[in-house]
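As a plain string of letters, each chain reads:
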Amino acid sequence: WHRQTRAQIQSGSKGFCAQGFSARGKHSCGNSCSCGCKMTTLHQDIRAGLQKRALTTTGMPSEGSRAFEGMAFEPQAGEAWVRFTLIPTNSNSIVSGVSATQSGLFQIDLYDPAGLGTGGVEALADAVMDKFRVGTRIFQGVEEIKIVGVRRVGGVMADADYVKAIVEIAYSVHSTRL
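For clarity, every value in this text was computed on a predicted model and none was experimentally measured.

A.B. asks: Can you explain the packing of aromatic side chains? Please cite residues and give values.
C.D. replies: Evaluation of the coordinates by the stated rule reveals seven aromatic pairs. Plain terms: the ring middles of Trp 81 and Tyr 111 are 3.9 Å apart, the flat faces sit at 0° to each other, and that makes the pair stacked. A residue pair is termed long-range when its members are at least 10 positions apart, and Trp 81 in strand β4 (residues 81-94) and Tyr 111 in strand β5 (residues 99-113) qualify at 30 residues. Each member of the pair, Trp 81 as well as Tyr 111, carries the same accessibility label: buried. With a centroid separation of 5.7 Å and 5° between ring planes, the pair formed by Phe 84 and Phe 106 is classed as stacked. Within this pair, whereas Phe 84 is found in strand β4, its partner Phe 106 is found in strand β5, the two being separated by 22 residues in sequence. We note that Phe 84, like Phe 106, is buried. An aromatic cluster is present here, built from Phe 68, Phe 84, Phe 106 and Phe 132 joined pairwise through their rings.

Laid out in structure tokens, this is it:
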């Protein structure tokens with residue numbers, strides 16, 4: 001099977017997978033393509049690329065302490081944990097509607113057990129911000145995600161069980177898949 005040509009993409013053919021191969025039929029579980037993978041949406045690719053990058057941050061909580069959208073999660077008392085949230089904010093058509101720029105925020109909520117101070121959660125927030133410097137480019141499937149901003153949201157917040165720091169990453173993706 002072949003990768004889509006520019007003419008196919010410009011003609012509005014949207015049946016291609018994250019590998020850029022053309023689709024060959026759909027199944028009840030979603031989409032499939034000729035390369036055998038499950039087709040992904042633009043937002044799934046953005047989420048996957050940003051999460052992969054975040055998980056390479058030194059000090060990121062271990063696998064059982066990560067909350068992902070749409071997945072059941074119960075934090076373990078006394079253990080650090082993290083929650084990832086993708087927040088698409090805007091889609092603007094460019095070049096006669098053939099492609100568009102999708103922008104949004106990737107929010108990372110970092111939690112440390114209460115009673116240990118704020119040093120651990122603040123150090124991890126700094127490490128995350130360093131991992132997502134403005135201008136960083138992340139490649140996921142056929143998409144290139146560009147980091148256009150990164151900031152801490154508010155100060156460290158605390159409740160009876162956890163202290164929390166929030167890092168917000170602004171991204172932009174220019175794509176034909178919208």
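A.B. asks: Got a sec to walk through the pattern of salt bridges? Specific residues and values, please.
C.D. replies: For the structure on display, the rule yields five salt bridges. The closest approach of N and O atoms between Arg 83 and Asp 109, which form a salt bridge, is 3.0 Å. In this pair, Arg 83 is assigned in strand β4 and Asp 109 in strand β5, connecting sequence segments 26 residues apart. Taking the relative accessible area as the measure of exposure, Arg 83 reaches 30% and is therefore partly exposed.

A.B. asks: Can you explain the confidence of the model for the protein chain? Please cite residues and give values.
C.D. replies: Per-residue confidence for the protein chain averages 80 on the pLDDT scale, and 73% of its residues sit at or above 70. Mean pLDDT across the elements of the protein chain bottoms out in helix α1 (residues 6-10) (36) and peaks in helix α3 (residues 119-131) (97). Under a pLDDT of 50 for its full length, residues 1-34 has, in the predicted model, 68 contacts with residues more than four places off or in other chains.

A.B. asks: Run through the side chain of Ser 175, naming residues and quoting values.
C.D. replies: By the secondary structure assignment, Ser 175 is in strand β9 (residues 162-175). Here the side chain of Ser 175 touches Glu 143 through a polar contact of 3.0 Å, side chain to side chain. Residues in contact with Ser 175, not counting those within four places in the same chain, are Leu 42, Ser 99, Ala 100 and Glu 143.

A.B. asks: Before we move on, can you summarise the pairing of strand β6 (residues 137-140) with the specific residues and values?
C.D. replies: Along a regular strand, successive side chains alternate from one face of the sheet to the other. Residues of β6 alternate between two faces, with Ile 138 and Gln 140 buried on one and Arg 137 and Phe 139 left unburied on the opposite face. Relative to strand β7 (residues 143-152), β6 runs antiparallel, the two sharing four bridges. Considered in β7, the bridge of Gln 140 is made with Glu 143. What sits between the antiparallel neighbours β6 and β7 is a turn of two residues, in which Gly 141 has the positive phi angle 60°.

A.B. asks: Would you mind going over the environment of Glu 122 in detail, with residue names and values included?
C.D. replies: Among the structural elements, Glu 122 can be located in helix α3. Residues in contact with Glu 122, not counting those within four places in the same chain, are Arg 152 and Val 156.

A.B. asks: Any details on the side chain of Lys 164? Residues and values, ideally.
C.D. replies: Its location among the elements puts Lys 164 in strand β9. Although Lys 164 is buried, it makes no salt bridge; Asp 109 carries the closest opposite charge, 4.4 Å away. Setting aside its immediate chain neighbours within four residues, Lys 164 contacts Arg 83, Asp 109, Leu 110, Tyr 111, Val 121, Gly 155, Val 156 and Met 157.

Analysis parameters
Residues numbered from 1 in each chain as written. Predicted model: local features only at pLDDT ≥ 70, side-chain atom pairs only at ≥ 80, totals over all residues. Heavy atoms only, no water. Phe/Tyr/Trp six-rings, centres within 6.5 Å; stacked < 30°, edge-to-face > 60°. Helix = DSSP H or I, 4+ residues; strand = E, 2+ residues; numbered from the N terminus. Buried < 20%, exposed > 50% of the residue type's maximum accessible area, 1.4 Å probe, protein only. Salt bridge = Lys/Arg side-chain N within 4 Å of Asp/Glu carboxyl O. pLDDT = per-residue confidence, 0-100. Contact = heavy atoms within 4.5 Å. Polar contact = N/O pair within 3.5 Å; in protein donor to acceptor, adjacent residues only side chain to side chain. Pairing = 2+ DSSP bridges. Lys, Arg positive; Asp, Glu negative; His and termini not counted.

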